[in-house]
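Summary of structural features
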Amino acid sequence: MDEFLRRHLNVPKGHITNLRNEKATRERILEAFRKLKSNPEIKRDDAIFIYFAGHGGEADAPAGWPTAGSKIQVLMPQDVNVVGPSQSPIAPIPDRTLAALLNELAGEKGNNITVVLDCCHSSSGTRGNENAERVARVARLSQELPRYLDKEFHGDSEEEAGRGMNTPTPFLTQNLRSHILLAACGADELAYENTRLGRGAFTTAFIQTLKTADVHKLTYMGFMDRLPNLPSQNPQCEGYHRDRMFFDAKLPGADRRFIGVEFETHKTYKLKAGTAQGVTVDSEYTIHADHTDVSDNPAICRMRAKEVGPFRTILEPIDTITAIKIPKPAYAREVRCGSGQELRVHFSEAFERVLSIQDVQQAGLSSNEPNFGFIVSDVDNAEMLVDIKDTNDGKFVIFSTREQLATQYGYKQLPHEVKADPEIICRVLRGAARWHYHFKRTNHARFSGLVDLEFYRLDDTHGQFNEPGMLPVNPDENMNRSGIVDLVAREDHFYGVKIVNNSKVDLYPYLFYFDLGDQYIEPYYLSQKGTNWVDPPLRAGCSHTVGYGAGGEVPFAYRLQDGQAVDIGFLKLFLTTSPADFDSLSQPTPFGMARGAMPRNDVIQTVQRRGNAQQWGTVVATVIQRSIRRHVRYFP
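Residues numbered from 1 in each chain as written. Predicted model: local features only at pLDDT ≥ 70, side-chain atom pairs only at ≥ 80, totals over all residues. Heavy atoms only, no water.

1. Focus: the packing of helix α2 (residues 26–38) against helix α3 (residues 95–109)
Cut-off, in case you're wondering: An axis is simply a line fitted to the C-alpha atoms; with a helix, the fit covers only the stretch in contact. Between two such axes, the angle follows the N-to-C directions and lies from 0 to 180 degrees. Counting from the N terminus, the helices are DSSP H or I runs at least four residues long and the strands are E runs at least two residues long. Just so you know how the angles are binned, under 35 degrees is roughly parallel, over 145 roughly antiparallel, 65 to 115 roughly perpendicular, and the rest oblique. Crossing handedness: left-handed means the near helix sits turned counterclockwise from the far one by under a right angle, and right-handed means the same turn made clockwise. Contact definition: two residues touch when any of their heavy atoms are within 4.5 Å. Three classes are used, and their members are as follows: Ala, Val, Leu, Ile, Met, Phe, Trp, Tyr, Cys and Pro are nonpolar, Asp, Glu, Lys and Arg are charged, and the others, Gly among them, are polar.
Taken N-terminus to C-terminus, the directions of α2 and α3 make an angle of 15°; their axes are 9 Å apart at the nearest point. One way to sum up the angle between α2 and α3 is to call them roughly parallel. α3 is crossed by α2, and the crossing has left-handed handedness. In this structure, α2 contributes L30, F33, L36 and K37 to the contact, and α3 contributes T97, L98, L101, L102, E104, L105, E108 and K109. Of the residues contributing to the contact of α2 with α3, the split by class is 7 nonpolar, 1 polar and 4 charged.

Set out below in structure tokens:
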């Protein structure tokens, strides 16, 4: 790895700290983290690369440590189990400690941090797949870890250590925005080493993939798509910014509207999405060699959805592509929606006296954006009302929702006005159609009704990036009451959710916030990406937190504009029994500027200023945001 960094990525030797063999002691590894944080030559958002190759394993969790069961993951330094100056054996480095170090580093130097771990995440399983050239990178640990191990990093006190959470995700992914983690295998797998080459199988694949691709144009997701299959281990990619370019947080990364395409034969193409992601028969896609901006990524051909399954869709060509070679990997971008995805819209008489509906429809046909269309409806069956009004600055178009989950609380008109321009109106209706379609669709699964979405007000226990960060103010006060969350919107009030799986099925959760007023869809949590299989974050009978604890992600916060009395949004949780890609559901506001829930980067800054069979289903909670607390639920 040292040679690769210097010769192929032109990293100066003086910028590399290389701890090998007897130098890779516990104290030197921790000291290297401290030096990264204090190094004045490392500017904010400079690329930081942390690589560990060696033994990993599991240890019994000390009393009071947050963990799903009785085990935590650890890294083994060279001197582990050696009796130190304190006459106690030197401990491994727990994932909890590594997470705290990474979160502190991100707070000081920014989140352009890539972590590569070529080691086992656990010591479970056997060595049945080993041979003379292939051995597992796993070590057995028998020592009992002290309860307050590394308390200088995560600030445990005796009282705080007892506030554990039943969350299965390792602490390394606590703040999924602080770094990108590329791991050699899943938590229940072994990472293998080729003894002939003296190098881990994942390290070999990592270097070869970066050598054959243009690293300056490669995203982390694109890297995972290009990794070769490794026997008995499935590399994982975790982190919110996995759509970024490798080692570069400043360049535009992957466009999340793209969906991967896989090949079964040279004539069979499958879209890596299905009914769970909202794909319908006859929706159309352009096929591209990459998943970056279309201005530098032209379409190769056009295909149509022929057969749609839960998580995969068979595509058929629209163009004649016998002479066109489709690369591997390839990506699809929807350009025309299928049947049943249109928004029913009623235009007022006042609107039709000023603008032609045909002009608005024509603007949609001439646009290069995906065609989520609308159909003209009478007022009783409409899902959105469009009206026009005169102001001193001219004529402006206003939009009103017919969504009953909002109108029952008196919320009707969206807090945006746009110019009476057919192209602008079409853009808004296209976004509204897509928003409404993804919000309304659902599916019945055998775990339906067995997963709860709990919502909590949080308080900062340690401040900034230090673990454990925020915890519920009152763990017994779940604010989600029968699908309704009613809160006062303040920028300094933070919230998080706990997803509780009462079923007997391991699940993959994907949590989104649907802002009604701004018509945007923001991912609050997306499960990690793997080459073939990823660990289920939501185990049967367990829970997973988002916004606090070990589950990852920053908390949520909500704010209202001056003069705004109320806003409404929805938390929608998609659940699957197999790994899936829901990145393409994300949508920016079609109004140009959002007004509702605080952007996640703003939340981070505010926190820092303080300190089986393939199935899918959904859970929805309405989030009412008021300017003041009311004792009644209905308001004018």
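Anyway, onward from the coordinates.
2. Describing the nonpolar core
Operational definition: What makes a nonpolar core is a set of buried Ala, Val, Leu, Ile, Met, Phe, Trp, Tyr and Cys residues whose side-chain atoms join them at distances within 4.5 Å. Each residue is placed in one exposure class: buried if its accessible area under a 1.4 Å probe, protein chains only, is under 20% of its type's maximum, exposed if it is over 50%, and partly exposed if it falls in between.
Counting residues in each nonpolar core, the largest one holds 48 residues, and the members touching the most others are F351, F399, L429, F512 and F582. If near-sequence neighbours (up to four positions away) are discounted, F582 is found in contact with A276, Q277, Y510, F512, L526, F574 and T576. Of all hydrophobic cores here, the second largest spans 30 residues; its members include A445, L507, L560 and V619.

3. Considerations on unusual backbone geometry
Residue P329 is bonded to the preceding K328 through a cis peptide linkage, with omega at 0°. Structurally, P329 is set in the loop between β15 (313–317) and β16 (330–336). Residues other than glycine seldom take positive phi values, yet N10 does so here, at roughly 55°. Along the chain, the position of N10 falls in the loop between α1 (2–7) and α2. Here N10 falls in the exposed class, since its relative accessible area comes to 62%. Notably, F247 is not glycine yet its phi reads approximately 60°, a positive angle. Relative to the helices and strands, F247 resides in the loop between β10 (236–238) and β11 (258–265).

4. Comments concerning helix α11 (residues 422–440)
Put simply, the test is: Expected span of a helix: the number of residues minus one, times 1.5 Å.
Taking 1.5 Å per residue, 19 residues should reach 27 Å; α11 reaches 26 Å between its end C-alpha atoms and fits that length. By the criterion of burial, α11 is predominantly enclosed, with 14 of the 19 residues buried.

5. Remarks on the pattern of salt bridges
Heads up, the rule is: The working definition used for a salt bridge is a side-chain nitrogen of Lys or Arg within 4 Å of a carboxyl oxygen of Asp or Glu.
A complete count under the given rule lists 20 salt bridges for this structure. Taking the shortest distance from any N to any O, the salt bridge between R312 and E262 comes out at 2.9 Å. One end of the pair, R312, is in the loop between β14 (301–308) and β15; the other, E262, is in strand β11, with 50 residues separating them in the sequence. Taking the shortest distance from any N to any O, the salt bridge between E491 and R559 comes out at 3.6 Å.

6. Looking at the pairing of strand β20 (residues 394–401)
Worth spelling out the cut-off: DSSP bridges decide pairing: two strands pair if at least two such bridges lie between them.
Taking burial as the measure, the 8 residues of β20 include 6 buried ones, the bulk of the element. Where strand β19 (residues 384–391) lies against β20, 8 bridges are found, and the strand directions are antiparallel. Across the sheet, the residue bridging to D387 is I398, located in β20. Taken together, β19 and the strand that follows it, β20, pair antiparallel across an intervening segment of 2 residues. Pairing analysis gives 4 bridges linking β20 to strand β21 (residues 413–419), with the strands arranged antiparallel. Its bridge partner being in β21, I398 is matched across the sheet by E417.

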